[in-house]
Amino acid sequence: MLVLMTHQTRSDFDKLLLDHAKECGACAYERTRVTSLRFSDTSGTSRPVSAEWRRSDHSGEISFDFLVDATGRTGLMSDRYMKNRHYNESLRNIALWGYWTGVGTYGLGTEREGAPWFEALTGKCKDKPHPTRYMG
Ligand SMILES: Cc1cc2nc3c(=O)[nH]c(=O)nc-3n(C[C@H](O)[C@H](O)[C@H](O)COP(=O)(O)OP(=O)(O)OC[C@H]3O[C@@H](n4cnc5c(N)ncnc54)[C@H](O)[C@@H]3O)c2cc1C
């Protein structure tokens, strides 16, 4: 199996996909939030038929035959309406990220180059001169 690994800037890649979808004829409404869904309840089956949206000081409603909910972790359909989202307990953890400018690289020229460094402090700092250290 051939595995190709490449590093992309996420925002650039997202834009590339969005632009391509538009070129292929998709109507894209950017900076527009779906605030709620409306459902029809005909013949005993309830299905989403329209969405209310808001964009800065504009709002409106759009109707559709099919809905693909791609709201990611927001999970509009699953969280708010179907209430069927299950969390994997072993993945219930945290992610931290940030962006800095004007900083150097940790451990330049060593095998630890660019490695993150975490310090977990317990108790009061002045009482713990040697905090537990975790190196990523
Ligand atoms: C810091 C970080 C690093 C990650 N690194 C990796 C990685 O290296 N590799 C990897 O495979 N995965 C990674 N992931 C996970 C990956 O980003 C997600 O799994 C993936 O983006 C999920 O894609 P999605 O299309 O389901 O949702 P998303 O990419 O989250 O897209 C959901 C979209 O829906 C929009 N939306 C949400 N609610 C509404 C609403 N009410 N109305 C209108 N639009 C709405 C959001 O604005 C967003 O644009 C990372 C995630 C994070 C946070």
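Note on the protein: under the UniProt heading Sequence similarities (unreviewed entry), the record states "Belongs to the flavin-dependent halogenase family." We quote the UniProt Catalytic activity (unreviewed entry) comment for the protein here in full: "melleolide F + FADH2 + chloride + O2 = 6'-chloromelleolide F + FAD + 2 H2O + H(+)".

Across its full length, the protein holds 2 helices and 5 strands. At a minimum sequence separation of 6, the contacts of the protein that also span at least 24 residues come to 4%.

Moving on to the pairing of strand β3 (residues 58-63). Among the 6 residues of β3, 0 are classified as buried, and the element is accordingly described as predominantly exposed. Of the pairings in the sheet, the one linking strand β2 (residues 45-55) to β3 comprises 6 bridges and is antiparallel in character. Counterpart to S50 in the pairing with β3 is S63. Hairpin connection from β2 to β3: 2 residues lie between these consecutive antiparallel strands, with S56 at a positive phi of about 40°.

Confidence along the protein averages 85 in pLDDT terms, with 83% of residues attaining 70 or more. When pLDDT is averaged over each element of the protein, β3 comes out on top at 96 and strand β5 (residues 132-135) at the bottom at 50.

Surveying the vicinity of the ligand reveals the residues R33, V34, A70, T71, G72, R73, T74, L76, A95 and W97. Split into classes, the residues belonging to the shell around the ligand amount to 5 nonpolar, 3 polar and 2 charged.

What counts and how
- Residues numbered from 1 in each chain as written.
- Predicted model: local features only at pLDDT ≥ 70, side-chain atom pairs only at ≥ 80, totals over all residues.
- UniProt positions renumbered as here; feature names shortened; annotations may be inferred.
- Helix = DSSP H or I, 4+ residues; strand = E, 2+ residues; numbered from the N terminus.
- Contact = placed C-beta atoms within 7 Å.
- Buried ≥ 20, exposed ≤ 12 C-beta atoms within 10 Å, placed from the backbone.
- Pairing = 2+ DSSP bridges.
- pLDDT = per-residue confidence, 0-100.
- Near = placed C-beta within 6 Å.
- Nonpolar A, V, L, I, M, F, W, Y, C, P; charged D, E, K, R; others polar.

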